[in-house]
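Observations on the model geometry
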Amino acid sequence: MNAPKIPLPELMTSGHLACQGCGATQAMRFALKALGPRTALVLPACCWSVIDGPFPHSSLKVPILHTAFEAAASTASGLKAGLEMRGDTETVVMAWAGDGGTFDIGIQALSGAAERNEDIIYCCYDNEAYMNTGIQRSSSTPIGAWTTTTPGVHWKKRPKKKMIDIMAAHSIPYIATASVAYPNDLIEKFRKAREIKGTRFLHVFAPCPTGWKLAPELSVSMARQAVTSKVFPLVEVTDNGRTWKVWKDFEPTPVKDYCMAQGRFRHLSEDELRLVAEGIEENWQYLLSREAGSAFVPGLQH
Amino acid sequence: MGEKITFKSYKEMPICAMSGADMTYNLTGSWRNVRPYYDFKVSPCRLGCPAMENIQRYIFLLTQEKYEEAWRELMEANPMPSVTGRVCFHPCMEKCTRKDFDQAINIPAIERSIGDRGLDNPGWMKKAPATKKETVAVVGGGPAGLSAAYYLARRGYPVTIFEADAVLGGTLRWGIPEYRLPNDVLDRVVAQIVGSGPITVKTGAALGRDVDLAKLEKEFAAVFVGVGLSRSRPLGVAGEEGRGIERGLDFLRRVNGGEPVNPGRSVAVVGGGNTAMDVARCARRAGAEVTVVYRRTMNEMPAIKDEIEEAEHEGVRFRFLAAPKSIERGASGPLTVVFQQMKLGDPDESGRRRPVPDGDATFTLSVNTMFTAIGEEADAAPFGKLLECDGNLIATKGEWGETSRKKIFAGGDVATGAASVVEAVAAGRKAAERISRMLSGEPEPAAEETGTISIENINTAYFTKGKRLLVPRIPLDEALAGYREIHTGYDDRMLRREADRCFSCGVCNFCDNCWVFCPDVAVRRLEAEYEFDYDFCKGCLVCVIECPRCAISTREEGK
Ligand SMILES: Cc1cc2nc3c(=O)[nH]c(=O)nc-3n(C[C@H](O)[C@H](O)[C@H](O)COP(=O)(O)OP(=O)(O)OC[C@H]3O[C@@H](n4cnc5c(N)ncnc54)[C@H](O)[C@@H]3O)c2cc1C
Ligand SMILES: Cc1ncc(C[n+]2csc(CCOP(=O)(O)OP(=O)(O)O)c2C)c(N)n1
Ligand code: SF4
Ligand code: SF4
Ligand code: SF4
Ligand SMILES: [Mg+2]
C-alpha cells in the first residue's frame, strides 16, 4: 500500500455517540492526528460533549476538561497557565467549541483571551446551529436556512456573522478556516497552528446531516461543495491580521446545487436563491479585496 | 472491543469525574440499516477489449512503478502488446469512462510502452518447460496462431507451428507496413513468443501442400487452424488482369519485403479498408499522387479511424460513392479508368447501406497504376474437405473456436473474415484455453462477473480535467521520406502521466478515502486491503460516496 494520506495514529476511537455521517467527528479526528497526543482539550457544552461518551468513558485518547457553555476560551487560558506553572510547555491546549459556543455565548471569553493573546488554540467546529439542543439558530446559521427557531416563512433573514474578521481585528498570529472535505489542508493548518505561540483561531466547517436535513452519505460532499461554491471559503490570515490568503484553485460549483441537496434550504424560491448566491459572491469579492490588501481596515497597524 | 466500566459503589469512583476507558464497548454497528462492502467491478475498458485485457490492473501497477508485474498482467491476455499497442483499433477507448469526463485514456500507447519494456527486458520471459505429454499443432503463424501457441506453451504443451511462409508474422509482416509496425519490433515479438516455451517452428510448411489436416489430427492431441485470408477479392471488371493494375496485398508484400517500387506519378486505390489505406500511404511514400476511391462514404469505411486520419494527413485524396466500371489501356502510358457514381440504397446484411449505381453518372481518372483493395478472402482448399465451412471460412461454434471436428479448433480471420489483430489474438488464446481444458479435463470456468460502472458512479470531484497525452510523432516530411516508424512512443515520464489519468474504474487503488472519511473510524487499513469493522460502522455511507471509483457497494441489512 502507498504511504498513508493522513497520519496513521488514531486518537479518536469507534463507539462514539455522533449521528451517522457527523462532520464534527471527522474534524476532531483530523485535528488530533495533526496535534498529536500531547494535547489537552477544553469542551464547553456542545454536541461534542455528548459525542465523546458518558462518564467514565471517552472516545478521545487525550485529556478533556468539560466546561460551561460560555467559558471555553477562559477555561483554556487557565488550563494553559496551570500547565505552564507546572513547567509543561509542550502540551498544547485547545478549546473546542461549537458555533453557538463561539459566535454567540462564548464570544466575550474568546475576545478576552484573544486580546490577551493567550497561548491557546481555539477551534470552532461549525455546524451552523445549536445542534445539541435541537437545531436552534445561531449567528453562524447562514441566511436562508430553516432551524427550529427560524421555521417556515421565518427562515433566517440575516447573514452569517463574519467571525474571521472579528478575530482578525484582535491582531492574533494565526487564523484559518478549514473543511472536513479537505483533510490534508486541515491537518496542515493545525500543524502550523501547533508551532505558533499566542492565540490561534481555527474555524472548521463540519456538516450536520441531522440538523441540515441532509442524507448522511452526502456530508463530506456538502463540505466540499461549500468550498467550491464559495459558501465557505478556505482562508488563512497571518501576520497578526494583516495578510489574507484565499484558496482559489478549485472548479467552481453552483450555490444552488449546494443548497438544494439540503432540506434546510429547500423552501427557497429561485429569486431567494439568487439573492443568497449574490450575498455569497459579495462576500467572496470582499475576501479577495482583503487578500489584495485593498480594503482599508483601521486599527491593524502596529 | 472495549470493556464497559460499572461502579458498584461510590468508593470505586475516581475523586473527580475522570474517564477510565474508551467507547469501544458501545457497538454502534447496531444502528446500521445499510451495509457498505468492498465490491470490485470490471472496468468498462476491459469489457471493450476483445482480448479482455485487465487494463485497470496493469495501469494501476504502472502507477505503483511495478513495471514487470504490469507486463505480466498484460501478457496474461495478449502476448503481443508491442504489436497491438501500435496497430489496434482500440475499442477499449470507446468504452473508457474517462471519455465521458474529458478524453479516454490512451490505452494502446500505455500497452505499447509496457510491451516494449518487456522486449527490452528479456529476463522477464522465463521459458516454460514442457510439462505435458499431449502435443498440439498450430497451423498459421499470424497473430491467431502465435497467440494459441503462446498460451498452450505457457501451460507446458509442446507446440509445433506449421507456417506456409518462410517467416512468422502473417499479415503483421506482409500487410502492415513498417511505418506502423517496424520489422525489428515484430521480429522481437515473434522471438519472445517462440522462446516462451516448448514451441517448434516449421516454416515453408503449407497446409494442403506440405501438410495434411487429417494427418495432423491423427498425430497431434489437438490442432489449431489460423491460416487467415490469403486471397484478394477480384474487382470483376474487364481488364483488371493486366499492365498497370496490381492487387494491393501484392504491392504491400513487395514493399514490406524491401523491394523498390515505382507505381508512377498518379495512383488510384480502390477500396476503403486497412489494406486500401496502407497501399495508399505506401504509394505516397513512393512519390505518387494518390486517390482512394470507395463505393460508399467515409462513415462506412471499414478501415481503422486512425488510419484514415493518417492517410488524409499524408495527403491521400478521397473520392466517395464511386466504383470502377471499365478500364482502357493503350500499349504504354497511363490507364483510363471509368468510375460509376454510386448512391446509398437499403442496408445490407452488415447493416451498412448498400451502394447502388446513381443513374448514368460517371467520371474518369487517368492513372499510372490502380491498386485493388476491396477485401481478402480465405482459400478453403486446405481445410474444406475435413471441416464444415461457412462460405470459404471455417465454421466455428461459440467463443472457444470449436469446429465440426472435436480435436480441431480455428480462430482469427479464417473463422471471422477480415477482422483485427486483437480479435485474432483473443481467438488464439481462447482456443488454447479450451484445448488445455479438453486435454487436462479441467472444468469450465465459472461465468465471469461483469458488473461494471459508468461515469455516474465516478466521484469526479477527485479528478481534474485534462487531455489525453498523444504519442509523439516524427514530422510529416520525414514520415513521407521513407518507412520509418511514425510514432515514437512515450518516455517514462509520459507513461506515468497518462497512467495517472486512469480512474481505476470500480477497483480499489488504495486512495485511502474510505479510511480517511469514515466518521466512525470503522474502516481498518490493513497491509494490502481495507476492511469494514461492522461492530462500529453506522451505515452512513460516506465511504461509498467518497470512494472516487465505486469500489464499494451497499446492501440493506437483514436482506
Ligand atoms: C494491409 C492490412 C492492414 C491491417 N491493419 C490492421 C491494423 O492496423 N489493425 C488491426 O487490428 N488489424 C489490421 N489488419 C487485420 C489483421 O492484420 C488481421 O485481422 C489479422 O492479422 C488476422 O490474423 P490471423 O492470424 O487470423 O491471420 P494472418 O495474420 O493472415 O496470419 C495467417 C498466417 O497463416 C499462414 N498461412 C496461410 N495459409 C496457410 C497454409 N495453407 N498453411 C500454413 N500456413 C498458412 C500465413 O502465411 C500467415 O502467416 C490489417 C490487415 C491488412 C491486410
Ligand atoms: C448557559 C447555557 N445555556 C444553554 C445551554 C444548553 N446548551 C447546551 S449545548 C447547546 C447548543 C450548543 O450549540 P453549538 O455551540 O453550536 O454546538 P453544537 O451542539 O451545535 O455542536 C445549548 C444551547 C447550556 N449548556 N448552558
Ligand atoms: S479510466 Fe481507466 S479503468 Fe476506467 S475505463 Fe478508462 S482505462 Fe479503464
Ligand atoms: S463511512 Fe464508516 S460508518 Fe459510514 S458507512 Fe462507511 S464504514 Fe460505515
Ligand atoms: S475509497 Fe479509495 S481506498 Fe477506499 S475502496 Fe475506494 S479506492 Fe479503495
Ligand atoms: Mg453548532
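Residues numbered from 1 in each chain as written. Chains lettered and ligands numbered in written order. Predicted model: local features only at pLDDT ≥ 70, side-chain atom pairs only at ≥ 80, totals over all residues. Heavy atoms only, no water.

Check the secondary structure of chain A and you find eleven helices and eight strands. Relative to a compact globule of 302 residues, whose C-alpha radius of gyration would be 19 Å, chain A shows 18 Å and is just as compact. The principal-axis extent of the C-alpha atoms belonging to chain A is close to 60 × 50 × 45 Å. In chain A, 70% of the contacts between residues at least 6 apart in sequence involve partners at least 24 apart. (Helix = DSSP H or I, 4+ residues; strand = E, 2+ residues; numbered from the N terminus. Rg over C-alpha atoms; globule rule 2.2 N^0.38 Å. Contact = heavy atoms within 4.5 Å.)

This next bit is on a nonpolar patch on the surface. Together, Leu17(A), Val50(A) and Trp31(B) give the surface a local cluster of nonpolar side chains, amounting to about 230 Å² of exposed area. Its location among the elements puts Trp31(B) in the segment before β1 (34–38). Accessibility expressed as a relative area gives 35% for Trp31(B), which makes it partly exposed. (Patch = residues over 30% accessible without salt bridge, like charges linked within 9 Å, V, L, I, M, F, W, Y side chains within 5 Å. Areas by Shrake-Rupley, 256 points an atom, 1.4 Å probe, with all protein chains shown as cover. Salt bridge = Lys/Arg side-chain N within 4 Å of Asp/Glu carboxyl O. Buried < 20%, exposed > 50% of the residue type's maximum accessible area, 1.4 Å probe, protein only.)

The subject of this paragraph is the nonpolar core. Counting residues in hydrophobic clusters, the biggest one holds 157 residues, and the most contacted among them are Trp48(A), Trp96(A) and Phe190(A). Counting residues per element, this core draws most heavily on helix α15 (residues 421–440) of chain B, which supplies nine residues. Formed jointly, this core draws a minimum of three residues from each of two domains, domain 1 (1–125 + 458–559) and domain 2 (136–230 + 378–440) of chain B. If we skip the residues at most four places from it in the chain, Phe190(A) touches Ala31(A), Ala34(A), Leu35(A), Met94(A), Trp96(A), Cys123(A), Leu202(A) and Val204(A). Within the second largest apolar cluster, 30 residues are counted, among which are Phe103(A), Ala109(A), Phe201(A) and Val235(A). (Core = buried A, V, L, I, M, F, W, Y, C linked by side-chain atoms within 4.5 Å. Domains from an automatic or database assignment.)

A few words on the domain arrangement of chain B. All names here are of chain B. One can read the domain layout of chain B as domain 1 (1–125 + 458–559), domain 2 (136–230 + 378–440) and domain 3 (241–374). Using C-alpha coordinates to define each centre, domain 2 is positioned 30 Å away from domain 3. The interface of domain 2 with domain 3 comprises ten residues on the first partner and ten residues on the second. Contact with domain 3 buries area across many residues of domain 2, yet Trp 174, Tyr 179 and Arg 180 alone supply 63% of it, more than any other trio. There are three salt bridges connecting domain 2 and domain 3. Between Arg 180 and Asp 278 there is a salt bridge, with its nearest N and O atoms 2.6 Å apart. Its residues assigned to classes, the side of domain 2 that touches domain 3 shows four nonpolar, two polar and four charged. (Buried area = accessible area lost by both parts, 1.4 Å probe. Nonpolar A, V, L, I, M, F, W, Y, C, P; charged D, E, K, R; others polar.)

All names here are of chain A. Near ligand 2 there are 17 residues, and of these Gly 100, Gly 101, Tyr 125, Ala 129 and Met 131 occur at the shortest range. In this structure, Gly 101 approaches ligand 2 through a main-chain N or O atom, which is 2.8 Å from an oxygen atom. Between an oxygen atom of ligand 2 and a side-chain N or O atom of Tyr 125, the distance comes to 2.6 Å. Across the complex, the protein chains shield 74% of the 570 Å² of accessible surface that ligand 2 would expose by itself. (Near = heavy atom within 4 Å. Polar contact = N/O pair within 3.5 Å; in protein donor to acceptor, adjacent residues only side chain to side chain.)

This part covers the environment of Ala222(B). Inspection of the secondary structure puts Ala222(B) in strand β5 (residues 222–225). Residue contacts for Ala222(B): discarding those within four places in its chain leaves Thr135(B), Val136(B), Ala137(B), Lys407(B), Ile435(B) and Met438(B).

Residue and element names in this part refer to chain A. Protein-derived ligands of the magnesium ion (ligand 6) are Asp 99 (OD), Asn 127 (OD1) and Ala 129 (O), with the metal-ligand distances lying across 2.0 to 2.1 Å. Counting residues between consecutive donors of the magnesium ion (ligand 6) along the chain gives the motif D-x27-N-x1-A. Pair noted here: Asp 99 is in helix α4 (residues 99–104) and Asn 127 is in the loop between β4 (121–126) and α6 (163–168), with a separation of 28 residues, a long-range link. (Donors = N, O, S within 2.8 Å, 3.2 Å for Na, K, Ca; no water.)

Contact residues are listed per partner, giving 49 residues for chain B and 43 residues for chain A. For the pair chain B and chain A, the two sides together bury roughly 3,400 Å², of which 60% comes from carbon and sulfur. Considering only the surface of chain B that becomes buried against chain A, Met23(B), Trp515(B) and Val521(B) emerge as the three largest contributors, covering 19% of it. Summed over the shared surface of chain B and chain A, the number is one salt bridge.

We now examine helix α3 (residues 72–85) of chain A. Side chains of residues three or four places apart in an α-helix project in the same direction, reflecting 3.6 residues per turn. All names here are of chain A. When the terminal C-alpha atoms of α3 are compared, their 20 Å separation across 14 residues agrees well with the 20 Å that a helix rising 1.5 Å per residue should span. Among the residues making up α3, those that are buried are Ala 72, Ala 73, Thr 75, Ala 76, Ser 77, Lys 80 and Leu 83. Against the buried residues of α3 lie β1 (39–43), β2 (64–66), β3 (92–97), α5 (107–115) and β4. (Expected span 1.5 Å × (residues − 1).)

Turning to the pattern of salt bridges, a few remarks are in order. Residues and elements named next belong to chain B. In the structure shown here, the tally under the stated rule is 69 salt bridges over all chains. Linking Asp 492 and Arg 117 is a salt bridge whose minimum nitrogen-to-oxygen distance equals 2.6 Å. Taken together, the residues Asp 492 in helix α17 (residues 492–499) and Arg 117 in helix α6 (residues 107–120) connect sequence positions 375 residues apart. Using a relative accessible area of 47% as the deciding quantity, one classes Asp 492 as partly exposed. Where Arg 434 meets Glu 402, a salt bridge forms, and the shortest distance between an N and an O atom there is 3.1 Å. Placement of the pair is Arg 434 in helix α15 and Glu 402 in the loop between β17 (393–394) and β18 (408–410), with a sequence separation of 32 residues. Linked through salt bridges whose partners overlap, the residues forming this network are Arg 180, Asp 278, Arg 281, Arg 285, Glu 307, Glu 310, Glu 314 and Arg 473.

All names here are of chain B. Where α6 meets α17, the closest approach of the two axes is 10 Å, and the angle between their N-to-C directions is 135°. With respect to α17, the element α6 is oriented oblique. The hand of the α6/α17 crossing is left-handed. Seen from α6, the contacting residues are Ile 110, Ser 113 and Arg 117; seen from α17, they are Asp 492, Leu 495, Glu 498 and Ala 499. Its residues placed into classes, the contact of α6 with α17 shows three nonpolar, one polar and three charged. (Axes fitted to C-alpha atoms, helices over the stretch in contact; angles between N-to-C directions. Parallel < 35°, antiparallel > 145°, perpendicular 65-115°, else oblique. Left-handed = near helix turned anticlockwise from the far one by under 90°.)

The next thing to look at is the side chain of Ser420(B). Residue and element names in this part refer to chain B. Its location among the elements puts Ser 420 in the loop between α14 (413–416) and α15. Here Glu 423 takes part through its side chain, which lies 2.5 Å from a polar atom of the side chain of Ser 420. Not counting residues up to four positions away in its chain, the partners in contact with Ser 420 are Phe 89 and Asp 413.

Take helix α12 (residues 274–285) of chain B next. Residue and element names in this part refer to chain B. The end-to-end C-alpha distance of α12 is 17 Å, a good match for the 16 Å that twelve residues give at a rise of 1.5 Å each. Most of α12 sits inside the fold, with eleven of its twelve residues counted as buried. Among all positions in α12, only Thr 275, Ala 276, Met 277, Asp 278, Val 279, Ala 280, Arg 281, Cys 282, Ala 283, Arg 284 and Arg 285 are buried. Just downstream of α12, Gly 287 is the residue with a positive phi angle, here 95°.

Moving on, we come to the sheet that holds strand β12 (residues 335–347) of chain B. Paired through backbone hydrogen bonds, the strands of a sheet run either parallel or antiparallel to each other. All names here are of chain B. Taken in spatial order, the three strands of this open sheet run β11-β12-β13, and their pairing is antiparallel. The open sheet has two edge strands with one neighbour each: β11 (322–328) and β13 (353–367). Between one strand axis and the next, the sheet turns through 20° on average, direction left out of account. Note: β12 against β13, ten bridges, orientation antiparallel. (Pairing = 2+ DSSP bridges.)

All names here are of chain B. Taken in spatial order, the five strands line up as β4-β3-β2-β5-β18 in an open sheet, and their pairing is parallel. In the strand order of this sheet, the two ends are held by β4 (199–203) and β18, each with one partner. Shown here is a sheet whose adjacent strand axes are inclined to one another by a mean of 20°, direction ignored. Summarising the sheet, β5 and β18 pair through three bridges and their orientation is parallel. Residue pairing in the sheet places Val 223 in a bridge with Ile 408 of β18. The sheet strands contacting helix α7 (residues 143–154) are β2 (136–139), β3 (159–163), β4 and β5, and the helix crosses β3 at an angle near 170°.

This next bit is on the packing of aromatic side chains. Residue and element names in this part refer to chain B. For the structure shown, the criterion picks out 25 aromatic pairs over all chains. Ring centres 4.8 Å apart and planes at 90° place the aromatic pair Tyr 150 and Tyr 151 in the edge-to-face group. No difference in accessibility class separates Tyr 150 from Tyr 151, as the two residues are buried. Feature note: the residues Tyr 38, Phe 60, Phe 510, Tyr 530, Phe 532 and Tyr 534 constitute an aromatic cluster, connected by ring pairs. Here the basic side chain of Arg 117 rests over the ring of Tyr 67, its NZ or CZ set 3.8 Å away from the ring centre. (Phe/Tyr/Trp six-rings, centres within 6.5 Å; stacked < 30°, edge-to-face > 60°. Lys NZ or Arg CZ within 6 Å of the ring centre and 35° of its normal.)

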